Amino acid sequence: MTLPQILITLAMCALATAITRFLPFLIFSSKRPTPQFVLYLGKVLPGAIFSMLVVYCLKNVTPLQYSYGLPELIAILLTAGLHLWKRQILLSIAAGTVCYMLLIQMVFVA
């Protein structure tokens, strides 16, 4: 890419980011109540997205080959248990990720 193409690409990315950040404030003003459909989506989408991420992360796990999905299972159980206990999403995700990385690098080495 040439320098002008790079600058145009960066400007378009910045513009798209700004639009997606400011558009909800323009559409849903504080003077009007938020539509029920939007409130419903705010309740159900986080769980749906999290479920999709779990399925995506587990799509290549083969329970009949070595490691048998154990690192993934252990990390998921740690993440879920820690989240139920502490209710700190960043702590849960970080601990699950570190646990999984340690397991595949040190314990379940192929």
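Coordinates for the structure precede this section.
Just so you know, these numbers come straight off a predicted model, no measurement behind them.

Asks: Help me out: how do you make sense of unusual backbone geometry in this one?
Replies: Trans is the prevailing form of peptide bonds, just as negative phi is the prevailing case for residues other than glycine. One non-glycine residue with positive phi stands out, namely Tyr 68, at about 50°. Unlike most non-glycine residues, Arg 87 shows phi in positive territory, near 60°.

Asks: What is the right way to read helix 3 (residues 70–86) from this model?
Replies: Helical geometry: 3.6 residues make up each α-helical turn, so side chains three or four residues apart lie on a common side. Between its terminal C-alpha atoms helix 3 stretches 24 Å, which fits the 24 Å expected from 17 residues at 1.5 Å a residue. The set of residues buried in helix 3 consists of Pro 71, Glu 72, Ala 75, Thr 79 and Leu 82. Along the long axis of helix 3, the arc covered by the buried residues comes to 110°, so they all point the same way. Away from its buried face, by an angle of more than 90 degrees, helix 3 presents the exposed residues Leu 77, Leu 84 and Trp 85. As for helix 3, its buried residues are in contact with helix 2 (36–58) and helix 4 (89–107). Of the residues trailing helix 3, Arg 87 is marked for its positive phi of about 60°.

Conventions we followed
- Within each chain, residue numbers correspond to sequence positions counted from 1 in written order.
- Only residues with pLDDT of at least 70 get local features here, since the model is predicted, and only at 80 or more are side-chain atom pairs given and counted; chain-wide, interface and lining totals rely on the full set of residues.
- The side-chain figures draw on all heavy atoms in the structure; neither hydrogens nor water molecules are used.
- Elements are defined by DSSP. Helices are runs of H or I of four residues or more, strands are runs of E of two residues or more, and each kind is numbered from the N terminus.
- Here a helix's expected span is defined as the number of its residues, less one, multiplied by 1.5 Å.
- Relative accessible area decides the class of each residue, using a 1.4 Å probe on protein chains only: under 20% of the type maximum gives buried, over 50% gives exposed, and in between gives partly exposed.
- To obtain the arc, one takes the directions from the helix axis to the C-beta atoms.
- The contact criterion used throughout is that any non-hydrogen atoms of two residues lie within 4.5 Å.

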